[in-house]
Amino acid sequence: MRIPGPARSASNSVGVLLILLLTVLLTAQIFDPALQLFDRDAGRAEYSFKQFMALRLRAGELPLWFPWTAAGTSMLGEMTPALFHPATLLYLFLPFELAFKLNHVLPLPLAGLGALLLARKLGAASWQAALAGVVYAGSGYLASMSASNVHYALGAAALPLAVHGLLRFLERPSALRLLWAGFALALPLLGGEPQSALLAGYGGVVAAVSLHGLRSLRLVALWGAAGLLLCGPSLLPGLAQLRRSARHEGISAFERQTFRATPVRLLGLALPWAFDDAPERTFPDGPLPAFREYFAGPTGSAFVTSFALSLPALLLAAFARGRKALLLGLLALFFAIGSLGTGLENALPGLSLFRFPEKLLGPLTLLLALLAGLGAEEAFDTPRTAGRLALASFGAAALLLAVRMLLLLRAEPFVNALQEHGTTHSAGAAQALLASLAASCLAQACFAAALGFIAGARWLRPLPLAPLLAAVLCTGAAVLASRDLFFLGPLELLHGPFVIADELRAKAGPSPGRWRIDSDPDKAMEVPELDRRTGYAVWTSQVLAPQFNALAQVESVALYASLTDADYLDAWHASPGAMTSLFGVRFLMRSPWALTDAEARDNSFVRTAFGFWVREVPPQPRAFLVGCARDLPKPQQLLRLASPEFDPHREALGAALPRCVPGPAGTVALQRSSPERLEAKVTAAREALLVFADHYDPGWRATVDGKSAKVIEADLTALAVELPPGSHEVQLHFWPLGLTAGLCSALATILGLLAFEIFSRGRPGLRERRGVPNVGG
């Protein structure tokens, strides 16, 4: 039923309030001050990055270099810290713990508002569009990403806003509308999620051509250019790092198989719980939960914890009709097939750079949410269609109840069949899956029946509130399916005390600027008192896995990054001994099961807390002079690094000195005034190479006695500067490659579009001469 004009206007506000209510119901429990989000990257990477950013920003400094992992790494090269995203302002003005939680909550209302606005542009009335908003914001995909990988959630949330901004610009082109549309397109990348920006670009092209024809592509190109220019401060440093990583080669076959969704798991769109990755749901006779037994890839877990939509949303989506619905359905099918690791990402240029096929369930979720909104428009439009929806809903409810009854009556054969086909053939896993399926069938049957009653009421008599009631029903379904995806742990998990870190400090003193660790926690130890998810986090934090080492204020050489330096990885694989010496590693750490007692004794490892093996290595300087250097191609450098006689303190690779004189070449006094600045006073006995035990990045700049000098990549990994004999003052300063150009491009775009808007408003005829309609205020 079409809502009259005044009612449509009023229901816009109702839709926004419904999305906010959904957000509160989903996330209220996380604001307990004694608890914090910790699952996956929320604890392992995001918490340390955001804490570092907050401390530096409040000190009036721009955090560009992260010194705690990989012997230092670029914050903007990493991209995921999202330094230039508007949400970073939360850390400047609010207490850190609260800001971190709000950062993770923000994607939900942002996603709901974006889906609501986009559904309106596609023709849905206000309450039907609100239904699309709550379905998307409350989906398992958005909830699980918000809880564990907020940069992916921010990207998924901004995707519909970007497409909506483009369509709004195409309807009435103006500089201000272009500025907003470009900013919305830039938001995913500013949030550390370039894949969503790429998908928004493709989605914008499809939407523009289907709604406005091929002639709109000129304006679409302007939109794309504005988005790229506005995200320049994040994009250009990220591209510089991409060229140095192996990611530019595309997704590998192993990554595709590891991070894909299994076909049967797509049933989780309608039946949550049974198809969710929830390790804390254990069973009595096996080491793995039911999910890993039946639905996981080679790593035994899923990247996306859940992607539930609920059965009412899918029933409504099935009622969508027309050319728009057909196009949305075909795109949804494309992303569903692509999420299975079928290689469909190669069909869209650039998509193969991203290694998680399962993340394609994000745009699939958005498309299904939009279809649900359009389907509600059709289903409640006439008594006849409402009657068909009622029959479909009651039929689905009856089918699910029959399946549930069959599962319970035939439990033993069902469990036996599952046990036979499982990974570990565990009866407990089969029983856990049976219980989850039965509970999910009952819950979704109730929601389907409720939708049937709403549709039945609309069938019998006019019911203008039917779409709103359906939206409320979908809100309840989302809360039930997604509320438990926000896993919480005590603050001590992230704040310590860190027992091993305290033991290492007792032996070697404070770590910053003095020593590093090489930690290798290859898998987690069981913590019987805790559920599996919390136990894993406790283990990885206490053994100082990256980035937990940053929370313990211990520097590390270990990598945990989205864009890893290929040369750094190759050098460590070729010669871990030389790299250990080069980067001042003081402690080698190995998991309890990594060494036998005999191997540990032969290699000077001793037991420490949690049974971890630790070997202490003699301290090494953070900067030193080398009197012998050879400039060799990379393959020969790797061979030389692997040579047993290679010593990075006597010889360097990557530059050529006139004479090769091994041995002491002078003295160095090093100071570090900030993570981005190194200062050294050097006395060189002869021409030498000054090597800093910090990870090389092309963003480092050097001066020698106030004059610009070239920064050399020594041994494929470290910073170095060539010096003549004598006393010198050497300064190194880090400023990411591409950051200046990115800042200039963003600022010029903002100022240029604002100036054009002001100038054209003062001269209305200018719009007509340029083929741009007058906005008229």
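Rules used throughout
Residues numbered from 1 in each chain as written. Predicted model: local features only at pLDDT ≥ 70, side-chain atom pairs only at ≥ 80, totals over all residues. Heavy atoms only, no water. Helix = DSSP H or I, 4+ residues; strand = E, 2+ residues; numbered from the N terminus. Buried < 20%, exposed > 50% of the residue type's maximum accessible area, 1.4 Å probe, protein only. Contact = heavy atoms within 4.5 Å. Disulfide = S-S within 2.5 Å. Expected span 1.5 Å × (residues − 1). Bend = angle between axes of the 7 residues up to and from the residue. Pairing = 2+ DSSP bridges.

On the secondary structure map, His-104 appears in helix α5 (residues 96-105). Take His-104: its relative accessible area is 1%, and that puts it in the buried class. Ignoring sequence-local partners within four residues, the contact set of His-104 consists of Leu-37, Ala-42, Glu-46, Ser-146, Ala-147 and Val-150.

In total, this model carries one disulfide according to the counting rule given. Here Cys-628 is linked by a disulfide to Cys-660, with a sulfur-sulfur distance of 1.7 Å. Since a negative S-S torsion denotes a left-handed disulfide, the Cys-628-Cys-660 link at about -75° is left-handed. Here the residue Cys-628 occupies a position in the loop between β10 (623-626) and β11 (629-630), and Cys-660 occupies one in the loop between β12 (652-653) and β13 (666-674), the gap between them amounting to 32 residues.

Another point: helix α9 (residues 150-171). A rise of 1.5 Å per residue sets the reference length of α9, with its 22 residues, at 32 Å; its end C-alpha atoms lie 32 Å apart and thus fit the reference within 8%. Where α9 bends most, at Ala-158, the angle is about 30°, and the proline Pro-160 comes one to four residues later. The buried count for α9 comes to 20 of 22 residues, which makes it a mostly enclosed element.

Turning to the environment of Ala-623, a few remarks are in order. Looking at the secondary structure, you find Ala-623 in strand β10. What makes Ala-623 buried here is its relative accessible area of 9%. In this structure the C-alpha to C-alpha distance between Ala-623 and Val-682, which are 59 residues apart in sequence, comes to 9.9 Å. The contact partners of Ala-623, leaving out residues within four places of it in the chain, are Val-668, Leu-670, Leu-690, Val-691 and Phe-692.

What follows is about the pairing of strand β19 (residues 718-723). The buried fraction of β19 is high, at five of six residues. Direction of pairing for strand β15 (residues 688-695) relative to β19: antiparallel, over a ladder of six bridges. Residue pairing in the sheet places Val-691 in a bridge with Ala-720 of β19. Looking at chain direction, strand β18 (residues 712-714) and β19 are connected through three bridges and run antiparallel. Each residue of the ladder has a partner; that of Glu-713, found in β19, is Leu-719. Counting the residues that bridge the hairpin from β18 to β19 gives three residues, and of these Asp-715 lies at a positive phi of roughly 55°.

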